[in-house]
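# What the coordinates show
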Amino acid sequence: METALTRLVGVRHPIVQTGMGWVAGPRLVSAAANAGALGVLASATMTVDRLREAVREVRSRTDAPFGVNLRADAGDAGDRVRVIVEEGVQVASFALAPSRELIAELKEAGVVVIPSVGARRHAEKVAAWGADAVLVQGGEGGGHTGEVATTVLLPQVVDAVDIPVVAAGGFHDGRGLVAALAYGAAGVAMGTRFLLTSDSTVPDAVKARYLAATVRDVTVTRAVDGLPHRMLRTDLVDALERAGRTRALLGAVRRAARFRRLSGLTWRRMVLDGLALKHGKDLTWSQTLLAANTPMLLKSAMVDGRTDVGVMAAGQVAGVIDDLPSCAELVERIMKEAEETRERLRAVR
C-alpha cells in the first residue's frame, strides 16, 4: 500500500512503531522494520553511547529503514543528532517540537524529520520550519497526551498542513488504518499494539496485565508528573493520587537519583532538562521534580516487571487487544484487514 509516508521513508507499509521509552529497543525496532513498518528506536532513556550501540545493533538485524526518537528539549539533543547523522539513520522523530535549527541540521544531512504534535498550531509551526511530515496524536494515545480525540484533531491537522500526516492514538487494526487514510492521513502510528507483541521485551507478567485490562482500566492522571498521562489504573496510581505533596516529592527525589545514575546525567543536566520541561507549562517546582521520576517508574514495570512499583503507559486500545502476535504477523494482519475493508467499501454503492 503506497502512500506519501511510504514514499518519504522507504517502508513497505504505512505503519509506524512509535519510540516508547524502555520498550522500543533494538529487538522490537528491527522486528517492526523487517515486517515492513517504520520501527523507531527510543533514545530518551539511553545514554548517548548506548544510543550509538543500539543503532548499530538495529542495523545488524535489518537492512530496512528505521528511525530514532529524541527529546527535543534534552540538553544533549545535539549529541544525539550527531549520532543519528554519523550512523546514517534515515528518520528522526521527536516527542516535542524541535527547534528550527535542529530541523535544518538534520535535513541538511539528509535525515527525514517527523515531529510529534498534539495540536494544530504545533503542526503548522513545525511544517513552516521545514519538517518533512508530522505525527499527530489524539487523546486516546498512551503516555503524555492531550484532550482532543484523534477523530477531531486529525482532520484539523490534515487541513492545516501540506506535508504527510501520520495518525496516532486509538489505532490497532486494518479498519483503523483505512479510517485514517479516509481522513487524509498518510499512515498510522501505534505504540501499545507493538508493545503487545511477542517481539517486545516487556516482561510476560506485565503483558498479561495489559491483556487483562478493559477500556475502563485505562485512565488519565496527573499524579505521576503533573502532566496528563494515560496509563493503566493500578494500586500504585491510586496511591500516588492519594499521596500528599511532601510524600510524593520525597519519593520523586529518590527515583530521580536512581535515574541520574542509570542515565549518566549530572544533577546540573537534569535540572536544566527540568527547566526545559517547565518552560511554557504551568508546573510547580514539585511537579517538575516529579517529572524526573517518570523514567524510573516506567522502567520498574517495562524492564523489571514490577507492576506494583511501576507505571504502565497505555493507549485506550489496550482494552481491546487480546493477543501477542509477532510484528510480522501483526503487520501482515493489519494490511490484510485494510484491504478487506477497502473491498467492502468499494462494494457499497
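Everything discussed here concerns the structure shown above.
To start, this report covers the structure provided alongside it. (Residues numbered from 1 in each chain as written. Predicted model: local features only at pLDDT ≥ 70, side-chain atom pairs only at ≥ 80, totals over all residues. Heavy atoms only, no water.)

Broken down by element type, the chain carries 15 helices and 11 strands. Evaluated residue by residue, the chain yields a buried proportion of 54% over its 349 residues. Accessible area for the chain stands at about 15200 Å²; split by element, carbon and sulfur atoms hold 50% of it. (Helix = DSSP H or I, 4+ residues; strand = E, 2+ residues; numbered from the N terminus. Buried < 20%, exposed > 50% of the residue type's maximum accessible area, 1.4 Å probe, protein only. Areas by Shrake-Rupley, 256 points an atom, 1.4 Å probe, with all protein chains shown as cover.)

A word on unusual backbone geometry. A positive phi angle is found at Trp-22, which is not glycine, with a value near 70°. By the secondary structure assignment, Trp-22 is in the loop between strand S1 (15-17) and helix H2 (26-34). Of the residues examined, Trp-22 reaches a relative accessible area of 16% and is grouped as buried.

On to the nonpolar core, then. By size, the foremost hydrophobic cluster in this structure holds 60 residues, and its most contacted members are Ile-15, Phe-194, Tyr-210 and Met-302. Of the residues forming this core, the biggest block, 6 residues, is contributed by helix H15 (residues 327-347). Ignoring sequence-local partners within four residues, the contact set of Phe-194 consists of Ile-15, Val-16, Gln-17, Met-20, Leu-28, Ala-32, Ala-37, Ser-200, Cys-327, Leu-330 and Val-331. Formed by 25 residues, the second largest nonpolar core is a distinct cluster that contains Ala-42, Met-46, Leu-106 and Val-111. (Core = buried A, V, L, I, M, F, W, Y, C linked by side-chain atoms within 4.5 Å. Contact = heavy atoms within 4.5 Å.)

With that settled, consider the sheet that holds strand S11 (residues 229-232). Read from one edge to the other, the open sheet built from 3 strands follows the order S7-S11-S10, with strand pairing classed as antiparallel. The outermost strands of the open sheet, each flanked by one partner alone, are strand S7 (143-144) and strand S10 (218-221). Here S7 runs beside S11; their pairing, made up of 2 bridges, is antiparallel. Within the sheet, the bridge partner assigned to His-144 lies in S11 and is His-229. (Pairing = 2+ DSSP bridges.)

In this section: the side chain of Arg-193. Mapping Arg-193 onto the fold places it in helix H9 (residues 192-195). The exposure class assigned to Arg-193 is buried, which follows from its relative accessible area of 3%.

Below, the discussion takes up the sheet that holds strand S3 (residues 66-70). Spatially, 8 strands are ordered S1-S2-S3-S4-S5-S6-S8-S9 in a closed barrel, and the strand pairing comes out parallel. When the angles between neighbouring strand axes are averaged without regard to direction, this sheet yields 25°. The pairing of S1 with strand S2 (residues 38-42) spans 2 bridges and is parallel. Within S2, the position partnered with Val-16 by the bridge is Leu-38. (Axes fitted to C-alpha atoms, helices over the stretch in contact; angles between N-to-C directions.)

Time to look at the environment of Lys-207. Tracing the backbone through its elements, the reader meets Lys-207 in helix H10 (residues 204-212). Along the chain, Lys-207 and Leu-196 lie 11 residues apart, while their C-alpha atoms are 6.4 Å from each other. Excluding residues within four positions of it along the chain, Lys-207 makes contact with Leu-195, Leu-196, Thr-197, Ser-198, Ser-200, Val-202 and Leu-324.

Right, let's get into the pairing of S2. Across the 5 residues that make up S2, a large majority, 5, are buried. By the alternation rule, side chains of S2 split into Leu-38, Val-40 and Ala-42 and Gly-39 and Leu-41, which are all buried. Viewed along the sheet, the connection from S1 through H2 into S2 turns out right-handed. One ladder, built from 4 bridges, connects S2 with S3; its direction is parallel. Pairing of Val-40 across the sheet is with Gly-67, part of S3. Taken together, S2, helix H3 (residues 48-61) and S3 form a β-α-β motif whose crossover is right-handed. (Right-handed = clockwise from strand over helix to strand, strands pointing away.)

Moving on to the environment of Val-89. Note on placement: Val-89 falls in the loop between helix H4 (77-86) and strand S4 (91-94). Each C-alpha atom of the pair Val-89 and Phe-66 lies 6.8 Å from the other, and the pair is 23 residues apart in sequence. Residues within four places of Val-89 in sequence aside, it is in contact with Val-55, Arg-59, Phe-66, Gly-67, Val-68, Ile-84 and Val-111.

The next thing to look at is the side chain of Glu-87. Turning to its location among the elements, Glu-87 is positioned in the loop between H4 and S4. Owing to a relative accessible area of 17%, Glu-87 belongs among the buried residues under this scheme. One polar contact links Glu-87 to Arg-56, side chain to side chain, over a distance of 2.9 Å. Apart from the residues within four sequence positions on either side, Glu-87 is in contact with Arg-52, Val-55, Arg-56 and Arg-59. (Polar contact = N/O pair within 3.5 Å; in protein donor to acceptor, adjacent residues only side chain to side chain.)

Residues of H10 that are buried: Val-206, Lys-207 and Tyr-210. Each buried residue of H10 sits inside an arc of 100° when the element is viewed along its axis, so together they form one side. In H10, the exposed residues that point more than 90 degrees away from the buried face are Asp-204, Ala-205 and Ala-212. (Arc of directions from axis to C-beta.)

Most of H2 is tucked away: 7 of the 9 residues are buried. Of the residues one or two after H2, Gly-36 is the one with positive phi, at around 100°.

Right, let's get into the pattern of salt bridges. All chains considered together, the criterion is met by 21 salt bridges. When the shortest N-O distance is used, the salt bridge between Arg-175 and Asp-173 registers 3.1 Å. When its relative accessible area of 54% is taken as the criterion, Arg-175 is described as exposed. (Salt bridge = Lys/Arg side-chain N within 4 Å of Asp/Glu carboxyl O.)

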